[in-house]
Amino acid sequence: MLTLAAVAIAAAGPDDMPVEPLGNVASWGWDGSALAAKTPRGSGFTAYAEGGSHSLALKSDGTITSWGNNGSKLVTNTPTGSGFTAIATGTYHSAALKSDGTITSWGWDTYKQVTNTPTGSGFTAIAAGDSHSVALNADGTITSWGDDGFNQVTNTPTGNGFTAIAAGNYHSVALKSDGTVVSWGGDSHRVVTGSPRGSGFTAVAAGAHHCVALKFDGTITSWGWDNDKQVTNTPRGSGFTAVSAGANHSSALKSDGTIISWGDDNFTQVTNTYPK
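Reading guide: rules and limits
Residues numbered from 1 in each chain as written. Predicted model: local features only at pLDDT ≥ 70, side-chain atom pairs only at ≥ 80, totals over all residues. Heavy atoms only, no water. Helix = DSSP H or I, 4+ residues; strand = E, 2+ residues; numbered from the N terminus. Buried < 20%, exposed > 50% of the residue type's maximum accessible area, 1.4 Å probe, protein only. Contact = heavy atoms within 4.5 Å. Areas by Shrake-Rupley, 256 points an atom, 1.4 Å probe, with all protein chains shown as cover. Core = buried A, V, L, I, M, F, W, Y, C linked by side-chain atoms within 4.5 Å. Pairing = 2+ DSSP bridges. Phe/Tyr/Trp six-rings, centres within 6.5 Å; stacked < 30°, edge-to-face > 60°. Lys NZ or Arg CZ within 6 Å of the ring centre and 35° of its normal. Axes fitted to C-alpha atoms, helices over the stretch in contact; angles between N-to-C directions.

All right, on to the overall build of the protein chain then. A count of helical and extended segments in the protein chain gives 0 helices and 21 strands. Split into buried and exposed, the 276 residues of the protein chain put 53% on the buried side. Pairs at least 24 apart in sequence give 39% of the contacts found in the protein chain among residues at least 6 apart. Put simply, the protein chain shows about 11300 Å² of open surface, and 49% of that area lies on carbon and sulfur atoms.

Encoded structure:
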């Protein structure tokens, strides 16, 4: 039996999608707005992001493909052309990073998550929450914009030395170069105050009200909302190389290319984890 190992995983809503070595995309779970059924076929994909009811996929040629709910022109206003290097989706807005370090946003703009997109270049990473976005600058500083109802913008940490970012519904989390984790914004279910202490972390991911962090030894730590056991069912042991967080579930990639999911399984996003 041949098993293709996934090299990237994404989980944002109640479904998951990995990108395999050949650039194929596989999806499972919730199929609202045909998110699973309309998953693009073919190869050459390098990244995937899913919002509330729409999805984006990035191709190796730097172009973006989108599908799903077209409210607020989430699909039809997807930027054309090439040169994109990263994508992020909120509930009803999206953002993309270009190779020149500039950011483009589109979709719902009630909280100015589109019109307040920072200008200029020098950005290296982007993340999107429910109605806010976060960007990492080349100098290690962080910029946030959009909905600030839970201080997810005004409480953005100052200073530099940050290396990675993630955004949940109303909170954000960042990783520092010393391997420590910093969280800010809405603290529902202690998703901010419950952030792990100490160093040695290498990656972070944020769900609606929970977070996941990967340590250098290949172990995983989760915190925040646990109603669907997205914390207590966190897999034990080591050998993990990547983590992602959906609304109420999480997924992790192992060094052997297998994927483990846990948490909310209402749409079989856990039991149908690919490959079966």
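If you check the backbone angles, Lys 73 has positive phi at about 60° while not being a glycine. Structurally, the position occupied by Lys 73 is in the loop between strand S6 (64–68) and strand S7 (84–89).

All right, on to the environment of Gly 161 then. Within the fold, Gly 161 resides in the loop between strand S12 (142–146) and strand S13 (162–167). The partly exposed category is assigned to Gly 161, whose relative accessible area is 22%. Distance in space between the C-alpha atoms of Gly 161 and Ser 177 is 5.6 Å, their sequence separation being 16 residues. Excluding anything up to four places from it in sequence, Gly 161 contacts Asp 139, Gly 140, Leu 175, Lys 176 and Ser 177.

Counting 12 residues, the largest nonpolar core is built from Ala 166, Val 173, Leu 175, Val 181, Val 191, Val 192, Phe 201, Val 204, Ala 206, Cys 211, Ala 213 and Trp 223. A per-element tally of this core places strand S16 (residues 201–206) first, with 3 residues. Discounting chain neighbours no more than four positions away, the residues touching Val 204 are Ala 166, Val 173, Leu 175, Val 181, Val 212 and Ala 213. Ala 88, Ile 103, Phe 123 and Trp 145 belong to the second-largest nonpolar core, a separate cluster that totals 10 residues.

A few words on the pairing of strand S15 (residues 181–185). The element S15 is extensively covered by neighbouring structure, given that 4 of its 5 residues are classed as buried. When strand S14 (residues 171–176) meets S15, the two strands line up antiparallel, connected through 5 bridges. Across the sheet, residue His 171 finds its bridge partner in S15, namely Gly 185. Hairpin geometry of S14 and S15 is characterised by an intervening segment of 4 residues between the two adjacent antiparallel strands and by a positive phi of about 85° at Gly 179.

Mapped onto the secondary structure, His 54 falls in strand S5 (residues 54–59). Using a relative accessible area of 0% as the deciding quantity, one classes His 54 as buried.

On to the environment of Asp 264, then. Assignment of secondary structure puts Asp 264 in the segment after strand S21 (259–263). Of the residues examined, Asp 264 reaches a relative accessible area of 9% and is grouped as buried. Spatially, the C-alpha atoms of Asp 264 and His 249 are 5.1 Å apart, while their sequence positions differ by 15 residues. With residues up to four places along the chain from it excluded, the contact list for Asp 264 reads Asp 228, Asn 248, His 249, Gln 269 and Val 270.

Another point: the packing of aromatic side chains. One pass over the full model with this rule turns up 4 aromatic pairs. Relative to Tyr 111, the ring of Trp 108 lies with its centre 5.8 Å away and its plane at 90°, an arrangement referred to as edge-to-face. Judged by its relative accessible area of 29%, Trp 108 falls in the partly exposed class. Relative to Tyr 170, the ring of Phe 150 lies with its centre 5.0 Å away and its plane at 40°, an arrangement referred to as tilted. Separated by 20 residues along the polypeptide, Phe 150 in the loop between S12 and S13 and Tyr 170 in the loop between S13 and S14 bring together distant segments of the chain. Grouped by ring-pair contacts, the aromatic residues Tyr 92, Trp 108 and Tyr 111 constitute a single cluster. One Lys or Arg, Lys 176, reaches over the ring of Phe 162 and ends 4.9 Å from the middle of that ring.

Time to look at the sheet that holds strand S18 (residues 220–224). What the 3 strands build is an open sheet, ordered S16-S17-S18; its pairing is antiparallel. Two strands in the sheet have a free side with no partner beyond their single neighbour: S16 and S18. Here the average twist between neighbouring strands, direction ignored, is 20°. Relative to S18, strand S17 (residues 210–215) runs antiparallel, the two sharing 5 bridges. Bridge pairing links Leu 214 to Ile 220 in S18.

Now for the sheet that holds strand S10 (residues 123–128). Strand order in this open sheet of 3 strands is S10-S11-S12, and the pairing throughout is antiparallel. In this open sheet, the two edge strands, each paired with only one partner strand, are S10 and S12. In this sheet, adjacent strand axes meet at a mean angle of 20° when their direction is disregarded. Pairing analysis gives 5 bridges linking S10 to strand S11 (residues 132–137), with the strands arranged antiparallel. Each residue of the ladder has a partner; that of Ala 127, found in S11, is Val 134.

Shape is all these values report; function is a separate question.
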